[in-house]
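Structural characterization, general
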Amino acid sequence: MDKYQEQPHLLDRHLEGMMNSLLDIIRDSGSPPPLVHLAFKFLYIITKVRGYKRFLPLFPHEVRDLQPVLDMLAKQNPRDPDTWETRYMLLLWLSMICLIPFDLARFDGNLVSMEGQARQPTMDRILEIAKCYLVVSDKARDAAAVLVSKFIVRPDVRQSRMADFLDWVLSMLSKSSSQTMEGTVIVNGMLQALAQLFKHGKREDCLPYAATVLKCLDNCKLSESNQMVLRKLGMKLVQRLGLTFVKPKVAKWRSQLLIGLKDKDTIVRWSAAKGIGRITGRLPKELADDVIGSLLDCFSFQETDNAWHGGCLALAELGRRGLLLPSRISDVVPVMLKALTYDEKRGACSVGSNVRDAACYVCWAFARAYEPAELIPFINHISSALVIAAVFDRDVNCRRAASAAFQENVGRQGTFPHGIDILTAADYFAVGNRVNCYLTISVYIAGFPEYTQPMIDHLVNMKINHWDGVIRELSTKALHNITPQAPEYMANVVLPRLLPLSVGSDLHTRHGAILACAEITHALWYLSCYQSYFLTVCTLIEKLSLSKMPFKGDPIIGGWQWLINDSLRHLTLVSSGARQHIKECAVSALAALCNEFYINERGEADPALQDELVTQYVSELQNAEEMIRCGFSRALGALPRFLLKGRLQQVLEGLKKVTQISPEDVSFAESRRDALIAIAKVCQTVGVKGDGSQEEYVCRDNVDQIYATLLTGVTDYTTDSRGDVGGWVREAAMTSLMEVTLLLVQNEAELINANICKQIMCWLAQQSAEKIDKFRAHAGSVFLTLLHFDHPPVPHIPHREELERIFPRSEKETLNWNAASEAFPRITQLLGLPSYQYHVLLGLSVSVGGLTETTLRYSAQSLFDYMKKIQSDPSALESFCETLLKVFEDNLRNDRVSVPLLTMLDQMLANGCFDMFTEQEKMCECILFCGLIQFQGDMREKIFFQLFLLLCHPFPIVRKTTASQVYEMLLTYGDVVDVAVLEQVMAILSDTNW
């Protein structure tokens, strides 16, 4: 059974059969005692794997079972160490039989036996058994407590025996000492019995005894016991007593649970935290807020790490249950930020990893408890703190906990800056390597400006003075690597702060500060040698050119040109943040230089110089280094018209090649982005002339080629370790499409044909329906700009009137495409427009079947609302289903679409979107690929073949799931496969290790 430990639910369908087989042996009067004990042992093993709560209801619990089970228990020796599994299972079985709805007195009959001796009533026999096993030291004690909880709450037992039983339990508690072995066993049994009883008993039945039990429990002084199990059971009982009489005894149970939060053992603190969560959920708002105020008192630096840990666990429980009101977030967040960096030095080491881990759990719980708008004021603080913990924490469990909390917030809130990009780089496995976190992942994340300064400040304030020398050294190296992201901040703020620390009295701080000064100074020197040089040179050339210096024809111009080219070739030597600045300075200098020194009196370029310059720049577009491609793409986009005249096709072809993806440069997303930007700039520079030459203008001969290149960019979904880098390309392509289209509209609109306009609007609609907020917002903005442009209007927009009704001109500036709650209810309306249906459904598939909680929720709800509207329109539903099938067929081998599409379809089926067509073959055929193969025809074979293709999928989970679903489908629809081979097919599906 060991292999089922991680997924015990897989046993569920087999539990009853296994139990019945073993009970047949037990009930057989001919079975020898050793065989009976072995059967009970096997039952226990199953129970251990699956859990007794799931196993318990499967026990037979008829009237005829009561006497045999009592007789078997009577024959047991409570002290026999070899048969405790038998006693444990019999007690659990009896606890189920006790639920029979008959007065137990009816089973007593004549209480005088044939020998003239009085027999015990059945009720008393069961109570004696329970009492007997509550004081044993083996597992049977736990089952006896379960028996008590089921038996005492029976109406007939409660009336006549509950008070006496509680008196016995409390007297045993009072007489027993937890300082002795025997006393510990007894106290354990009594506490279990009380905890189970107050959990399952009705409040009105338990309330009369609650105060007495609480007083007795208080006298036991369990918080002073050295037995962790007893302290945990005490916490359980306190919280259940609190749930029983909540308001009259708030102060008493609260003080007991707060003591539990500070316990030295985690399991006790955890029980107390859950108790506070349960009880607070039943309190009025004012008292619940009072509890939260008491919890916040745990977060004092006079308190121990135990109090901080318990406080974090309790806050997480309250947050998870939605009991931390938004008005309290402003009090809780600062405490959590402190807890995420809690680290107290103790001798040669420190404590606090448990606190930091629990603080991550709080942040995880917040993601599930609040709407995105409620956390917006604190998003930057929380996201930065989690990133810092995920990258810079000393302990791997804390780094992974922070990564998990960050992932939960990205998925459910969707408001963390650059969340998906960071999550891709700092996932659960990536943060496992500490050196990689400090020296590689940190540099990537620091490239996002929202995180740069918080990361630097944390290293300076918390890590260069760390007690662990390895952490100090890694921190200073990380500062060296991050310096290019914020050189001015390092030079003007960080170094002045470090210099006094380098001569301080604390040895650790002095060591870290000296190393940090050295590393930062080295990094700044390296940067200054290249970055300042390039910026100074390019700026100087630009200013000298604009000053109309008399150097036309002078050889020095060639030197200036070489310096600009050199700057574009060495972008990799500077930080990613500085590259864009240098690139812009270089192309500005190039434009100024060309306009001043490369044009003659006739407004033309020297043919030899033009040929040399354009040919050189176009050849650099195929350089093996991506940054060189980026630089010269932007340079071509900055060339003036007289240098492009007669060379336009050469430039456009060169830029087109940069935008094409090949196996060697699949990750060169930045160069593809810059090439698309350059194409639009070149088009704007040369202008439009319909009947002009394709070597000089945007004209009839090249407009289709230009649009084809730009439209290819909208389909770039490349991903790498940085995340969805294709998004940069798609964003640039959408912007360039808008710029070129508006350029044509304002000059010669007839060059835009209906098919091109349809493609543009459909692709923009698809991007407007996808899951990443940033790109969805950009696509929506471009979509509305083209729709509402009227100087003059863009021609051939499909369904213009319907679009203007869905997206009124008055809402062009106010519609928030970033907000899923606003965007998806509008974009799903495009499903009713035939021209847009395919692309919108393609975009929605990724959103509805995605992982981001907010996006999933609103996109799915909007889709379901649309489906409800067309339920009475069979033709609309037929069109929708055919489009859905077409999307699946076109993307069968594309996991980015096919996997979320199947998830989306599963949700649609669960929401009854296709229920009205269960008897119409045409409609059902459109959803066969999800397993609903109900009718005959060629479509069935086609979809069935597609299903079997998934059995060859490279991912094991896809193969395994497909095999399971196909197997179940064949069980339901056996006529799908020829009867002659059906058995063989079923055997292959079930026996193969997919």
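Residues numbered from 1 in each chain as written. Predicted model: local features only at pLDDT ≥ 70, side-chain atom pairs only at ≥ 80, totals over all residues. Heavy atoms only, no water.

In the nomenclature of an unreviewed UniProt entry, the chain is known as Tubulin-specific chaperone D of Malurus cyaneus samueli. In its Sequence similarities (unreviewed entry) section, the UniProt record describing the chain reads: "Belongs to the TBCD family." (UniProt positions renumbered as here; feature names shortened; annotations may be inferred.)

Moving on, we come to the overall build of the chain. Within the chain, the regular secondary structure consists of 47 helices and 2 strands. A principal-axis box enclosing the C-alpha atoms of the chain has dimensions of 135 × 85 × 50 Å. Burial status across the chain gives 53% buried among its 994 residues. (Helix = DSSP H or I, 4+ residues; strand = E, 2+ residues; numbered from the N terminus. Buried < 20%, exposed > 50% of the residue type's maximum accessible area, 1.4 Å probe, protein only.)

Before going further, it helps to examine a nonpolar patch on the surface. Together, Leu-35, Leu-38 and Phe-42 make up an exposed nonpolar region whose accessible area comes to about 240 Å². Within the secondary structure, Leu-38 is located in helix H2 (residues 33-50). Under the relative-accessibility criterion, Leu-38 is labelled partly exposed at 39%. (Patch = residues over 30% accessible without salt bridge, like charges linked within 9 Å, V, L, I, M, F, W, Y side chains within 5 Å. Areas by Shrake-Rupley, 256 points an atom, 1.4 Å probe, with all protein chains shown as cover. Salt bridge = Lys/Arg side-chain N within 4 Å of Asp/Glu carboxyl O.)

We now examine the nonpolar core. Membership of the largest hydrophobic core comes to 124 residues, with the highest contact counts inside it found for Phe-783, Phe-807, Leu-830, Tyr-836, Met-867, Phe-880 and Met-908. If one sorts the elements of this core by residue count, helix H35 (residues 726-747) sits on top with 11 residues. With residues near it in sequence (within four places) discarded, Leu-830 still touches Ala-765, Phe-783, Leu-803, Ile-806, Phe-807, Tyr-836, Gln-837 and Val-840. Ranked by size, the runner-up nonpolar core spans 88 residues in total, among them Phe-366, Ala-390, Ile-422 and Ile-441. (Core = buried A, V, L, I, M, F, W, Y, C linked by side-chain atoms within 4.5 Å. Contact = heavy atoms within 4.5 Å.)

So, about empty space enclosed by the protein. A complete count under the given rule lists 1 cavity of 30 Å³ or more for this structure. Space inside the largest cavity adds up to approximately 50 Å³. In this structure, the largest cavity is lined by Leu-386, Val-387, Ala-390, Val-391, Ala-402, Ser-403, Phe-406, Ile-422, Leu-423, Ala-426 and Ile-445. If you list the elements that add at least two residues to the lining of the largest cavity, you get helix H19 (379-392), helix H20 (396-412) and helix H21 (419-425). It is H19 that contributes the most residues to the lining of the largest cavity, 4 residues altogether. Class assignment of the residues belonging to the lining of the largest cavity gives a composition of 10 nonpolar, 1 polar and no charged. (1 Å grid on protein atoms, 1.4 Å probe; cavity = no way out; pocket = protein on both sides within 12 Å on 5 of 7 lines; lining within 4 Å. Points joined across faces, edges and corners; volume = space filled by probe spheres on them. Nonpolar A, V, L, I, M, F, W, Y, C, P; charged D, E, K, R; others polar.)

Right, let's talk about the packing of aromatic side chains for a bit. Centre-to-centre distance and the angle between the planes together describe a pair of aromatic rings. In the structure shown here, the tally under the stated rule is 20 aromatic pairs. Note on Tyr-428 and Phe-429: the rings are 5.3 Å apart at their centroids and 85° apart in plane angle, and the pair reads as edge-to-face. Considering the side-chain rings of Phe-783 and Phe-807, the 5.8 Å spacing of their centres and the 65° angle between planes classify their relative orientation as edge-to-face. With Phe-783 in helix H37 (residues 773-788) and Phe-807 in the loop between helix H38 (800-806) and helix H39 (820-827), this pair connects stretches of sequence that are 24 residues apart. The same class applies to Phe-783 as to Phe-807, namely buried. Through a chain of ring-to-ring contacts, three or more aromatic side chains come together here, namely Phe-783, Phe-807, Trp-817 and Tyr-836. The lysine or arginine in question, Arg-400, covers the ring of Tyr-428, its NZ or CZ lying 4.6 Å from the ring centre. Lying across the ring of Tyr-717, Arg-896 places its NZ or CZ 3.5 Å from the centre. (Phe/Tyr/Trp six-rings, centres within 6.5 Å; stacked < 30°, edge-to-face > 60°. Lys NZ or Arg CZ within 6 Å of the ring centre and 35° of its normal.)

Let's shift gears to the packing of helix H22 (residues 434-446) against helix H24 (residues 469-482). Packing of H22 against H24 leaves a shortest axis separation of 9 Å and a crossing angle of 25°. As summarised for this structure, H22 and H24 are arranged roughly parallel, according to the angle between their axes. With respect to the hand of their crossing, H22 and H24 are arranged in right-handed fashion. Along the contact surface, H22 presents Arg-434, Val-435, Tyr-438, Leu-439, Ser-442, Val-443 and Ala-446, while H24 presents Val-470, Ile-471, Leu-474, Ser-475, Lys-477, Ala-478, Asn-481 and Ile-482. Split by residue class, the contact of H22 with H24 holds 10 nonpolar, 3 polar and 2 charged. (Axes fitted to C-alpha atoms, helices over the stretch in contact; angles between N-to-C directions. Parallel < 35°, antiparallel > 145°, perpendicular 65-115°, else oblique. Left-handed = near helix turned anticlockwise from the far one by under 90°.)

As a further point, take the packing of helix H29 (residues 607-620) against helix H30 (residues 626-638). Taken N-terminus to C-terminus, the directions of H29 and H30 make an angle of 145°; their axes are 8 Å apart at the nearest point. Read as a crossing pair, H29 and H30 show a hand that is left-handed. Contacts between H29 and H30 involve Tyr-617, Val-618 and Glu-620 on the former and, on the latter, Ile-628, Arg-629, Phe-632, Ala-635 and Leu-636. Of the residues belonging to the contact of H29 with H30, the class tally is 6 nonpolar, no polar and 2 charged.

Here we come to the environment of Glu-224. Along the chain, Glu-224 turns up in the loop between helix H10 (203-219) and helix H11 (228-245). Note on Glu-224: relative accessible area 63%, which makes it exposed. In this structure the C-alpha to C-alpha distance between Glu-224 and Ser-178, which are 46 residues apart in sequence, comes to 10.0 Å.

For the rest of this paragraph, the subject is the state of the cysteines. Here the structure, examined in full by the defined rule, presents 0 disulfides. Note on Cys-216: no disulfide assigned, nearest cysteine sulfur contributed by Cys-220 at a separation of 4.5 Å. Given the relative accessible area of 10%, Cys-216 is considered buried. (Disulfide = S-S within 2.5 Å.)

A side chain with one charge may pair with a side chain of the opposite charge, provided their charged atoms come close. Scanning the entire structure with this criterion turns up 37 salt bridges. Two residues, Asp-142 and Lys-139, come together in a salt bridge whose shortest N-O distance is 3.4 Å. Classification of Asp-142 by relative accessible area gives partly exposed; the value is 23%. The exposure class of Lys-139 is partly exposed, given its relative accessible area of 33%. A salt bridge links Asp-393 to Arg-356; the shortest N-O distance between them is 2.5 Å.

Residues apart from glycine generally show negative phi values, whereas peptide bonds are mostly found in trans. Of the consecutive residues His-791 and Pro-792, the connecting peptide bond is found in the cis state with omega at -5°. In this fold, Pro-792 is placed in the loop between H37 and H38. A positive phi angle, near 55°, is found at His-418, a position not held by glycine. By the secondary structure assignment, His-418 is in the loop between H20 and H21.

For the rest of this paragraph, the subject is the environment of Ala-586. Mapped onto the secondary structure, Ala-586 falls in helix H28 (residues 576-597). We classify Ala-586 as buried; its relative accessible area is 0%. Put simply, Ala-586 and Ala-365 are 221 residues apart on the chain and 49 Å apart in space, counted from C-alpha to C-alpha. When near neighbours in sequence (up to four residues on either side) are disregarded, Ala-586 contacts Cys-538, Ile-564 and Leu-568.

Looking now at the environment of Lys-812. Tracing the backbone shows Lys-812 in the loop between H38 and H39. Separated by 28 residues in sequence, Lys-812 and Leu-784 have C-alpha atoms that sit 6.4 Å apart. Residues within four places of Lys-812 in sequence aside, it is in contact with Leu-784, Thr-785 and His-788.

This part takes up helix H47 (residues 979-991). Counted at 1.5 Å a residue, the expected span for H47 with its 13 residues is 18 Å, and the 19 Å between its end C-alpha atoms agrees. Restricting attention to buried positions, one finds in H47 the residues Leu-982, Val-985, Met-986 and Leu-989. Each buried residue of H47 sits inside an arc of 100° when the element is viewed along its axis, so together they form one side. Exposed side chains of H47 directed beyond 90 degrees from the buried face belong to Ala-980, Glu-983, Gln-984 and Asp-991. (Expected span 1.5 Å × (residues − 1). Arc of directions from axis to C-beta.)

Moving on, we come to the confidence of the model for the chain. Detail in the predicted coordinates should be disregarded across regions flagged by low pLDDT. In this model, the chain carries an average pLDDT of 85, and 91% of its residues clear a pLDDT of 70 or more. Counting contacts from residues 248-253, a segment whose pLDDT is below 50, to residues more than four positions away or on other chains yields 11 contacts. The low-confidence segment residues 918-937 (pLDDT under 50) makes 56 contacts with residues lying over four places distant or belonging to another chain. (pLDDT = per-residue confidence, 0-100.)

Moving on, we get to helix H6 (residues 122-134). Its 13 residues give H6 an end-to-end C-alpha distance of 18 Å, which sits within 8% of 18 Å, the value for a rise of 1.5 Å per residue. For H6, the full list of buried residues reads Thr-122, Met-123, Ile-126, Leu-127, Ile-129, Ala-130, Tyr-133 and Leu-134. Considered in projection along H6, the buried side chains sweep an arc of 160° and stay on one side of the axis. Summarising the contacts, the buried residues of H6 are in contact with helix H4 (63-74), helix H5 (84-97), helix H7 (140-151), helix H8 (155-175) and helix H9 (181-200).

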